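What follows is the residue order along each chain.
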Amino acid sequence: GNSVTQMQGQVTLSEEEFLFINCTYSTTGYPTLFWYVQYPGEGPQLLLKVTTANNKGSSRGFEATYDKGTTSFHLQKASVQESDSAVYYCVLGDLRSSGSWQLIFGSGTQLTVMP
Amino acid sequence: DMKVTQMPRYLIKRMGENVLLECGQDMSHETMYWYRQDPGLGLQLIYISYDVDSNSEGDIPKGYRVSRKKREHFSLILDSAKTNQTSVYFCASSSGDQDTQYFGPGTRLLVL
């Protein structure tokens, strides 16, 4: 079935360091891909969204590029801040057999940024 | 202000008791969802609701049922709660099937 894989459970960086979070996906089609971010005590919120039409998304200094060849959708940021500490989810938009749409979440990557 | 609310935020129940989790949204969204979040598993879809009285099972519906009698409210019911239903439950809504989902703050449920 369709799935999303995030191998990094935890990432710890110092402020102003470069962030790279791996994500690979498995699907038979050309899905819409998302990164959601979850801050402590809150629900997930959309960080960015990429469709087959645009291949690349960016928001708040974060970037993600949709690579159909390697089925990857890595998240990057040039210079992290302490306020970026959160859990980041790579998410696949999937069309179910019933014809309805759902989100498939990766297992999440906890980012901790030290001051 | 676009908002999804969940009540209660924290709940402790004994095994075998009934549990009612409530969700509300003020965006007139047609589609609403219930997820559970467990460590290392991300979020798993329990149920989807496309509108009033139009509900569909997600990936892990067993042990749960839902009710949607008004567009702005979506309830998750656990009849005879089990210890393995201890989790954090999130409600979400979206304006369309493929649109951004807006999540509530979650309900932390502990079943003893």
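Residues numbered from 1 in each chain as written. Chains lettered and ligands numbered in written order. Predicted model: local features only at pLDDT ≥ 70, side-chain atom pairs only at ≥ 80, totals over all residues. Heavy atoms only, no water.

Caption draft 1: Summary view of the overall build of chain A. Counting secondary structure elements, chain A contains zero helices and twelve strands. For chain A, the sequential pattern of α-helices and β-strands runs β-β-β-β-β-β-β-β-β-β-β-β. Its C-alpha atoms give chain A a radius of gyration of 14 Å, within 12% of the compact-globule value 13 Å for 115 residues. Expressed as lengths along the three principal axes of its C-alpha atoms, the size of chain A is roughly 45 × 30 × 20 Å. When each of the 115 residues of chain A is scored for burial, the buried share is 47%. Summarising the internal contacts of chain A: among those between residues at least 6 apart in sequence, 53% fall at separations of at least 24. Only carbon and sulfur atoms are counted for the fraction: they give 48% of the accessible area of chain A, which is about 5300 Å². Of the charged side chains in chain A, 6 are positive and 9 negative; the average position of the first set lies 13 Å away from that of the second. (Helix = DSSP H or I, 4+ residues; strand = E, 2+ residues; numbered from the N terminus. Rg over C-alpha atoms; globule rule 2.2 N^0.38 Å. Buried < 20%, exposed > 50% of the residue type's maximum accessible area, 1.4 Å probe, protein only. Contact = heavy atoms within 4.5 Å. Areas by Shrake-Rupley, 256 points an atom, 1.4 Å probe, with all protein chains shown as cover. Lys, Arg positive; Asp, Glu negative; His and termini not counted. Charge placed at Lys NZ, Arg CZ, Asp CG, Glu CD.)

Caption draft 2: Up close: the sheet that holds strand 8 (residues 73-78) of chain B. Residues and elements named next belong to chain B. In spatial order, the strands read 1-3-8-7; together these four strands make up an open sheet with antiparallel pairing. Looking at which strands have only one partner, the edges of the open sheet turn out to be strand 1 (4-7) and strand 7 (65-70). Taking the axes of each pair of neighbouring strands and ignoring which way they run, one obtains an average angle of 20° across the sheet. Where strand 1 lies against strand 3 (residues 19-25), four bridges are found, and the strand directions are antiparallel. Bridging from a neighbouring strand, Gln6 pairs with Cys23 of strand 3. (Pairing = 2+ DSSP bridges. Axes fitted to C-alpha atoms, helices over the stretch in contact; angles between N-to-C directions.)

Caption draft 3: Structural detail: the layout of surface pockets. Approximately 540 Å³ is the volume attributed to the largest pocket. Taken together, 28 residues line the largest pocket, and the ones lying closest to its centre are Gln38 of chain A together with Gln37, Val88, Phe90 and Arg108 of chain B. When its residues are assigned to classes, the lining of the largest pocket shows ten nonpolar, 14 polar and four charged. For the second largest pocket, the calculated volume is near 170 Å³. Surrounding the second largest pocket, Glu42, Gly43, Pro44, Gln45 and Leu46 of chain A together with Thr100, Gln101, Tyr102, Phe103, Gly104 and Pro105 of chain B form its lining. (1 Å grid on protein atoms, 1.4 Å probe; cavity = no way out; pocket = protein on both sides within 12 Å on 5 of 7 lines; lining within 4 Å. Points joined across faces, edges and corners; volume = space filled by probe spheres on them. Nonpolar A, V, L, I, M, F, W, Y, C, P; charged D, E, K, R; others polar.)

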